[in-house]
Amino acid sequence: MKKKEAQKLYHSITNIEDKYIEEAQAAKKGKKPVWFQWGTAAACLCLVFVSAITISNIFKSEPPSGNEQTTMPDTTQPPAESCKKSVDEEKKIVPVTSLLASENNGTTETLVTQKVPIRHYQGIYEKVPSVQSDILSQSTGESVSGTKKWYFISGHTDMQYLIKNNNKKYSLWKFICFDASEYPYQDVLKFVYQIESPDTIPKIEINPVTMDNTDGGKAMQKKTGTHIITDRKAIDTIYQTLSSMTCYGSNQWDRIDYGNVETPADAKSSSHQAVQLGRYLTIFTSYGNKIDGLKYTAVSDMFYEFSGIAYNRLSIEQAERIREILDITVESD
């Protein structure tokens, strides 16, 4: 219904009341009952009320004429919020594995180390084979506090791996140890790896040592096999043990006794001592990193790393629990 027709209808309806009032007055002369008079008036009022509502809705739904301007919502542009990049997009998580060079590409690196401030320590970092500089440049995150050339990997806040920008030539570096003669390994777990509780560790992989590649050593490695630890009690025990350790830094080979790697004089001997009583640990974190530097030997009941990083000997109770978890059997004399 058009606007003019609606106005005409409204005008005719508003005259209903006078018409029916006149008829009611005429009926009064005919002595109609009181209930009839009141019913007639009520019907008139009801009709007027319903009609008024109908006309109101018509006016509301009437589209504007060509000369009228109405502000309509702009649906051609997305909301302002949708134009903003999300936090995840701003800090794209780059997996460390995507930045490491393939083991089969033949890349070799001369040992090069640098120091990076980490809290009240100086962390020693080693340059590692990686992807090309331009890929690393697109994978940098926030800058490391107190430095101008060092960056976190995008999406990471741990400091296991860092990217260095040296005059727009980017390289990848891995944490080795703190530059200190003695410090609690718990500081490494917290400040470098961001492991503050066993809940951060979903699993730990246990592998045989590979320092002996003779036929006898390989046979023992195969017998030992690879094991995955997911038991929460076992992971908690390993975490508590590592948190209690003291690290003596690198080049401490004189402190480390991991056993004999030579072929046993007795051919019937079970195997080489180092392989039989040693294990490599790979700790997986809930944010996707792998910590693969720790080794354990039941020869001296201690953890160590190949760069000569030595740790204190475990207590008898600690050593017994660790041997059981790592499935190491020590034959009594």
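In this report, we go over the structure that sits alongside the text. (Residues numbered from 1 in each chain as written. Predicted model: local features only at pLDDT ≥ 70, side-chain atom pairs only at ≥ 80, totals over all residues. Heavy atoms only, no water.)

Some details on the packing of helix H6 (residues 185-192) against helix H8 (residues 232-243)
In plain terms, the rule: Every angle, taken between N-to-C directions, lies between 0 and 180 degrees, and every axis is a line fitted to C-alpha atoms, over only the stretch in contact when it is a helix. The secondary structure listing takes helices from DSSP runs of H or I that are at least 4 residues long and strands from runs of E that are at least 2 residues long, numbered from the N terminus. Should an angle fall under 35 degrees it is called roughly parallel, over 145 degrees roughly antiparallel, and 65 to 115 degrees roughly perpendicular, with every other angle called oblique. For this analysis, residues touch if any pair of their heavy atoms sits within 4.5 Å. Ten residue types, Ala, Val, Leu, Ile, Met, Phe, Trp, Tyr, Cys and Pro, are classed as nonpolar, four, Asp, Glu, Lys and Arg, as charged, and the remainder, Gly among them, as polar.
Viewed as axis vectors pointing N to C, H6 and H8 meet at an angle of 110°, and their least axial separation amounts to 7 Å. Viewed along their axes, H6 and H8 adopt a mutual orientation that is roughly perpendicular. Along the contact surface, H6 presents Tyr185, Gln186 and Leu189, while H8 presents Tyr239, Leu242 and Ser243. Of the residues belonging to the contact of H6 with H8, the class tally is four nonpolar, two polar and no charged.

Side note on the packing of aromatic side chains
Put simply, the rule is: Between rings of Phe, Tyr and Trp, where Trp is taken as its six-membered ring, a pair exists when centres lie within 6.5 Å; planes separated by under 30 degrees are stacked, by over 60 edge-to-face, and by other angles tilted. Relative accessibility under 20% of the residue-type maximum defines a buried residue, over 50% an exposed one, and the middle range a partly exposed one, all with a 1.4 Å probe and only protein chains included. Only Lys NZ and Arg CZ are tested; either one counts as a charge over a ring when it is within 6 Å of the ring centre and within 35 degrees of the ring normal.
Summed over all chains, the structure comprises 13 aromatic pairs. When the ring of Tyr280 is compared with that of Phe306, the centres are 5.6 Å apart and the planes differ by 90°; the resulting orientation is edge-to-face. Taken together, the residues span a long stretch of sequence, with Tyr280 in strand S11 (residues 278-284) and Phe306 in the loop between strand S14 (302-305) and strand S15 (309-310) at a distance of 26 residues. Taking relative accessible area as the criterion, Tyr280 reaches 11% and is therefore assigned buried. A residue is classified by how much of its surface remains accessible, and Phe306, at 41% relative accessible area, is partly exposed. Their ring planes at 55° and their centres at 6.4 Å tell us that Tyr304 and Phe306 sit as a pair that is tilted. Taken together, the aromatic side chains of Tyr121, Tyr125, Trp150, Trp173, Phe175, Phe178, Tyr183 and Tyr193 make up a single cluster linked through ring pairs. When the ring centre of Phe284 is taken as reference, the NZ or CZ atom of Lys203 above it lies at 4.6 Å.

Regarding the sheet that holds strand S5 (residues 161-166)
Put simply, the rule reads: Strand pairing requires that DSSP identify at least two bridges connecting the strands.
Read across the open sheet, the six strands follow the order S1-S2-S6-S5-S4-S3; overall the sheet is antiparallel. Strands with a single pairing partner mark the edges of an open sheet, and in this sheet they are strand S1 (113-118) and strand S3 (140-143). Averaged over all pairs of adjacent strands, the angle between strand axes in this sheet comes to 45°, irrespective of strand direction. Inspection of the sheet shows S5 paired to strand S6 (residues 169-178) by six bridges, in the antiparallel sense. Along S6, the bridge assignment pairs Lys164 with Ser171. Packing against the sheet, H6 makes contact with S1, strand S2 (121-128) and S6, and its axis sits at approximately 150° to S6.

Side note on the packing of H8 against helix H10 (residues 316-326)
Packed helices, taken two at a time, are described by the angle between their axes plus the distance between the axes. For the record, the criterion: Crossing handedness is read from the near helix: turned anticlockwise from the far helix by less than a right angle, it gives a left-handed crossing, and turned clockwise, a right-handed one.
One way to put it is that H8 packs onto H10 with a least axis distance of 10 Å and a crossing angle of 135°. In terms of axis orientation, H8 runs oblique to H10. Judged by the sense of rotation from one axis to the other, the crossing of H8 with H10 is left-handed. Judged by residue contacts, Ala234, Thr237, Ile238 and Thr241 of H8 engage Gln318, Arg321, Ile322 and Ile325 from H10. Broken down by class, the residue content of the contact of H8 with H10 amounts to four nonpolar, three polar and one charged.

Some thoughts on the pattern of salt bridges
Two side chains of opposite charge can pair, provided their charged atoms sit close to one another. Put simply, the rule is: Salt bridge, as used here: a side-chain nitrogen of Lys or Arg that lies within 4 Å of a carboxyl oxygen of Asp or Glu.
Under the defined criterion, the tally for this structure stands at three salt bridges. With its nearest N and O atoms 2.7 Å apart, the salt bridge here joins Asp179 to Lys115. Residue Asp179 is found in the loop between S6 and strand S7 (183-184), and its partner Lys115 is found in strand S1; the two are separated by 64 residues along the sequence. We note a salt bridge from Arg323 to Asp301, for which the minimum N-O separation is 2.8 Å. Residue Arg323 is located in helix H10, and its partner Asp301 is located in the loop between strand S13 (295-297) and S14; the two are separated by 22 residues in the primary sequence. Classification of Asp301 as buried rests on a relative accessible area of 16%.

The values reported here are purely geometric and, on their own, carry no functional implication.
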